Amino acid sequence: MLQSRVWAVVGDVMNPIKPASQVVQRLIANGKSVYRVNPRKPEDPCFANLAMCCDKEPIEAVNLIINPTIGTQIVDEMISLSIPNLFIQPGAHPGDEAISKAIAAGINVREGCVLIEMPLSSSGAPKL
């Protein structure tokens, strides 16, 4: 899953002190194409939902780092869009029912922290 090239990060991605923003920067630093999604506060360059990102290019992985209640909706949207990979950050678990639905739909589910599992690329600082 960490090898996926196109990611959507769902959370408070524009707040530089929030982990979601740090995950975006880590993915970019590792050469990933990253779409920022914040259903609560869509503002440029954020999207309100995953469907808007998929209009640009197919999303390979979603990093869920948002309130679990909203995470349940994101899982449903992933299923409808056939996004194959879901990476769940600590504290964002959308519940066993949502995870069971995702797995039943063929989505690969992984729980962990991108900031720990994906080392910072040696290519330098992220490009915004």
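Residues numbered from 1 in each chain as written. Predicted model: local features only at pLDDT ≥ 70, side-chain atom pairs only at ≥ 80, totals over all residues. Heavy atoms only, no water.

Chemist: Account for the sheet that holds strand S3 (residues 46-47), naming residues and giving values.
Modeler: Here we have six strands laid out as an open sheet, ordered S3-S2-S1-S4-S5-S6, and parallel in their pairing. On the outer flanks of this sheet lie S3 and strand S6 (108-111), each paired with one strand and no other. In this sheet, S6 lies alongside strand S5 (residues 85-88) in parallel orientation, the contact comprising four bridges. Across the sheet, the residue bridging to Leu86 is Val109, located in S6. (Pairing = 2+ DSSP bridges. Helix = DSSP H or I, 4+ residues; strand = E, 2+ residues; numbered from the N terminus.)

Chemist: Break down the environment of Val6 for me, citing the residues and quoting the values.
Modeler: Structurally, Val6 is set in strand S1 (residues 6-11). Given a relative accessible area of 1%, Val6 falls into the buried group. C-alpha separation for the pair Val6 and Gly91, spaced 85 residues apart in sequence, amounts to 23 Å. For Val6, the contacting residues outside a window of four places in its chain are Ser33, Tyr35, Glu57, Pro58, Ile59, Glu60 and Ala61. (Buried < 20%, exposed > 50% of the residue type's maximum accessible area, 1.4 Å probe, protein only. Contact = heavy atoms within 4.5 Å.)

Chemist: So what's going on with the environment of Pro119? Residues and values would help.
Modeler: With respect to the helices, strands and loops of the structure, Pro119 is situated in the segment after helix H5 (114-117). According to the relative accessible area criterion, Pro119 is exposed, its value standing at 56%. Taking the C-alpha atoms as reference points, Pro119 and Asn30, separated by 89 residues in sequence, lie 8.3 Å from one another. Sequence-distant contacts of Pro119, defined by excluding residues within four places in its chain, comprise Arg26 and Asn30.

Chemist: With reference to specific residues and values, describe the pattern of salt bridges.
Modeler: Tallied over the entire structure, the rule returns three salt bridges. Its salt-bridge partner being Asp76, residue Lys101 comes within 2.5 Å of it at the nearest N-O pair. Here Asp76 lies in helix H3 (residues 68-81) and Lys101 lies in helix H4 (residues 96-104), a separation of 25 residues in the sequence. Residue class for Lys101 comes out partly exposed when judged on its relative accessible area of 37%. What makes Asp76 partly exposed here is its relative accessible area of 33%. The residue Arg110 makes a salt bridge to Glu117 at a minimum N-O spacing of 2.3 Å. (Salt bridge = Lys/Arg side-chain N within 4 Å of Asp/Glu carboxyl O.)

Chemist: I'd like a rundown of helix H1 (residues 19-29), residues and numbers included.
Modeler: Of all 11 residues making up H1, eight are buried, and the element is well covered by its neighbours. Taken together, the buried positions of H1 are occupied by Ala20, Ser21, Val23, Val24, Arg26, Leu27, Ile28 and Ala29. Those residues of H1 that are buried lie in contact with S1, strand S2 (33-37), strand S4 (61-65) and H5. Directly beyond the C-terminal end of H1, a positive phi value near 80° is found at Gly31.

Chemist: Could you give an account of the UniProt feature "domain: CoA-binding" (unreviewed entry) in the chain, with specific residues and numbers?
Modeler: In the numbering adopted here, UniProt assigns the feature "domain: CoA-binding" (unreviewed entry) to residues 5-118. In this annotation, residues 5-118 is assigned 38% helix and 23% strand; the end-to-end C-alpha distance for the span is 13 Å. (UniProt positions renumbered as here; feature names shortened; annotations may be inferred.)

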